[in-house]
Every structure is written in C-alpha cells, then in structure tokens.
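Next come the chains, spelled out residue by residue.
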Amino acid sequence: AQSVTQLDSQVPVFEEAPVELRCNYSSSVSVYLFWYVQYPNQGLQLLLKYLSGSTLVKGINGFEAEFNKSQTSFHLRKPSVHISDTAEYFCAVRRSNYQLIWGAGTKLIIKP
Amino acid sequence: DAGVTQSPTHLIKTRGQQVTLRCSPKSGHDTVSWYQQALGQGPQFIFQYYEEEERQRGNFPDRFSGHQFPNYSSELNVNALLLGDSALYLCASSPQTVNRVNNEQFFGPGTRLTVL
C-alpha cells in the first residue's frame, strides 16, 4: 500500500535562511508526487508536482523539490524563506485510481 | 472568478444530529471531491462527484453521503454525527480530464465542523 511520511511536524527557520521539508513515500509502482501549501484559514494550493521527466521540479513562490527514486524521497526546498511562507505544507502521492494519499503535514514557522 | 467556495465557514452540532455542507466549484470545473482533515492530519478522501454521480469513494461509512447538482455544485451530508466527525471539511474542484491526468485540484477554504 502506498503511504507518505513527513518526518517533521514543525520546522522553525529564521527569515532569509534556507529550508528543507522532508517527505518520504512508499510505493511499488510508478509514482506521481505533489506538494501542497495551506495558509492559515485557507484551502490547499498546489505548489508543485512530479509526474515524469526531470527529477528537479520547480514550483510557485520560489520552491523546488527533488524526486529521488532510490531514497523514495521528494523533499521540498527554498533557498531563502520569507515571513509570508508561514504555512502548513503537505506532501501527497497519487494512487493508481487517481486518489491522493497525503502526509500529515509540516508547519513551517518563520522566525524574524 | 470566485474560485471554490464553501458554506458555512463554521458549524457546531451535537452528537446524533445531521449536517449538510455546501460547495460551489470553480467556474469551468465539473468534478467535485470532498476531503476530511482532522486536526494535525492530512486530508482524507471521502468521495468524488462527476456528472451528478459518485464516481469514487474513500474509506468512509455510509453516514457520509453526497450530491451533485446540474450546475456542478455539491453537498456533503453526514448523518448521526459522532465526536470523531469534528474536522475541517474541504471541497476541491477540477475539470474531469485534468483531474485524472495531474490531480490539479483547486481547494475551497473549508468548513470547520465541531461536534459536541
């Protein structure tokens, strides 16, 4: 069965510092991976997705993620965070029936 | 374009009651999915509606039911509420073909349901 593990429930980081949010998945078949962001009191917004091709995926707001098949990881990175990046970030993997399996989320806390 | 809208924003019910949540999809979208997001967890897929029919269903009991109207809007109904039904209920919409290819669903802000 497919599953998604987000290793950190919270990640505090200083403003303008780099950040990495970790995501590991388990799947025995081809994977399609997604990162969504949820700002306070808002719905989920797609940040980026990996369907095929280049393993380095660029998304909105300066975020990028790297698909690593050997390590079954899809970590999200940003070289310099801003206070506006404060949000919860969710990693998800798509099942063969197109449903998404979600991780538990990582809260990104930006310290001034 | 107002995007995906949901009503009400917040709702408080007691155990055993019934609740109806509403969702209007983004303009041009014909597929609506519902998710339950418990506190501290990721969303859990409840079901998806397309052409006014339930097309897919997650691991939720029959107490959870839905409907899609000809204008593509949708309702989620939950009967015999339990304390464990307290959660944020998210609606997401997409065009059917896009949904099946890359899962780019557009989410509403959610309805926060509290069951006392």
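Before going into details, it helps to say that this report is about the structure given with it. What you see is a predicted model; the values in this text were computed from it and never measured.

Criteria and thresholds
Residues numbered from 1 in each chain as written. Chains lettered and ligands numbered in written order. Predicted model: local features only at pLDDT ≥ 70, side-chain atom pairs only at ≥ 80, totals over all residues. Heavy atoms only, no water. Helix = DSSP H or I, 4+ residues; strand = E, 2+ residues; numbered from the N terminus. Rg over C-alpha atoms; globule rule 2.2 N^0.38 Å. Buried < 20%, exposed > 50% of the residue type's maximum accessible area, 1.4 Å probe, protein only. Contact = heavy atoms within 4.5 Å. Areas by Shrake-Rupley, 256 points an atom, 1.4 Å probe, with all protein chains shown as cover. Buried area = accessible area lost by both parts, 1.4 Å probe. Salt bridge = Lys/Arg side-chain N within 4 Å of Asp/Glu carboxyl O. Disulfide = S-S within 2.5 Å. Phe/Tyr/Trp six-rings, centres within 6.5 Å; stacked < 30°, edge-to-face > 60°. Polar contact = N/O pair within 3.5 Å; in protein donor to acceptor, adjacent residues only side chain to side chain.

Right, let's get into the overall build of chain B. When you go through chain B residue by residue, the secondary structure sums to 1 helix and 11 strands. When its helices and strands are written in sequence order, chain B yields β-β-β-β-β-β-β-β-β-α-β-β. Rg of the C-alpha trace for chain B: 13 Å, near the compact-globule value of 13 Å for 116 residues, within the 12% margin. Projected onto its principal axes, the C-alpha positions of chain B cover 40 × 30 × 25 Å. Residues classed as buried in chain B amount to 48% of the 116 residues present. Contacts in chain B between residues at least 24 apart in sequence constitute 54% of all its contacts with a sequence separation of at least 6. Approximately 5,400 Å² of chain B is accessible, and the part contributed by carbon and sulfur atoms is 49%.

On to the interface of chain B and chain A, then. Counting residues at the interface gives 20 residues for chain B, matched by 19 residues for chain A. Surface buried jointly by chain B and chain A totals about 1,600 Å² across both partners, of which 51% is contributed by carbon and sulfur atoms. The interface formed by chain B and chain A holds 0 salt bridges in total. Among the secondary structure elements, those contributing two or more residues to the side of chain B that touches chain A are β4 (31-37), β6 (53-57), β9 (87-94) and α1 (96-102) of chain B.

Okay, the state of the cysteines next. All chains considered together, the criterion is met by 2 disulfides over all chains. The residue that forms a disulfide with A:C23 is A:C91, at a sulfur-sulfur distance of 2.0 Å. The S-S bond linking A:C23 to A:C91 shows a torsion near -65°; that makes this disulfide left-handed. Placement of the pair is A:C23 in the loop between β3 (19-21) and β4 (24-26) and A:C91 in strand β10 (residues 87-94), with a sequence separation of 68 residues. In this pair, the class of A:C23 matches that of A:C91, namely buried. A sulfur-sulfur distance of 1.8 Å marks the disulfide that ties B:C23 to B:C91. Because the torsion about its S-S bond is -55°, the bridge between B:C23 and B:C91 counts as left-handed. Of this pair, B:C23 sits in strand β3 (residues 19-24) while B:C91 is found in strand β9, placing the two residues 68 residues apart along the sequence. According to the relative accessible area criterion, B:C91 is buried, its value standing at 0%.

Attention now moves to the packing of aromatic side chains. All chains considered together, the criterion is met by 12 aromatic pairs over all chains. Aromatic side chains A:W102 and B:F107 sit 6.0 Å apart centroid to centroid with 85° between the ring planes, which places their arrangement in the edge-to-face category. With A:W102 in strand β11 (residues 100-102) and B:F107 in strand β10 (residues 106-107), the pair connects residues from two separate chains. You can call B:F107 buried: its relative accessible area is 10%. Consider the rings of B:Y35 and B:F107, whose centres lie 5.5 Å apart with planes at 45°: the pair is tilted. With a gap of 72 residues between them, B:Y35 in strand β4 and B:F107 in strand β10 connect regions that are remote in the sequence.

Moving on: the side chain of A:T106. Residue and element names in this part refer to chain A. Mapping T106 onto the fold places it in strand β12 (residues 106-111). Under the relative-accessibility criterion, T106 is labelled buried at 0%. In terms of polar contacts, T106 uses its side chain to reach the side chain of Q6, at 3.3 Å. Apart from the residues lying within four places of it in its own chain, the contact partners of T106 are Q6, D8, S9, Q10, V11, L21, A87, E88 and Y89.

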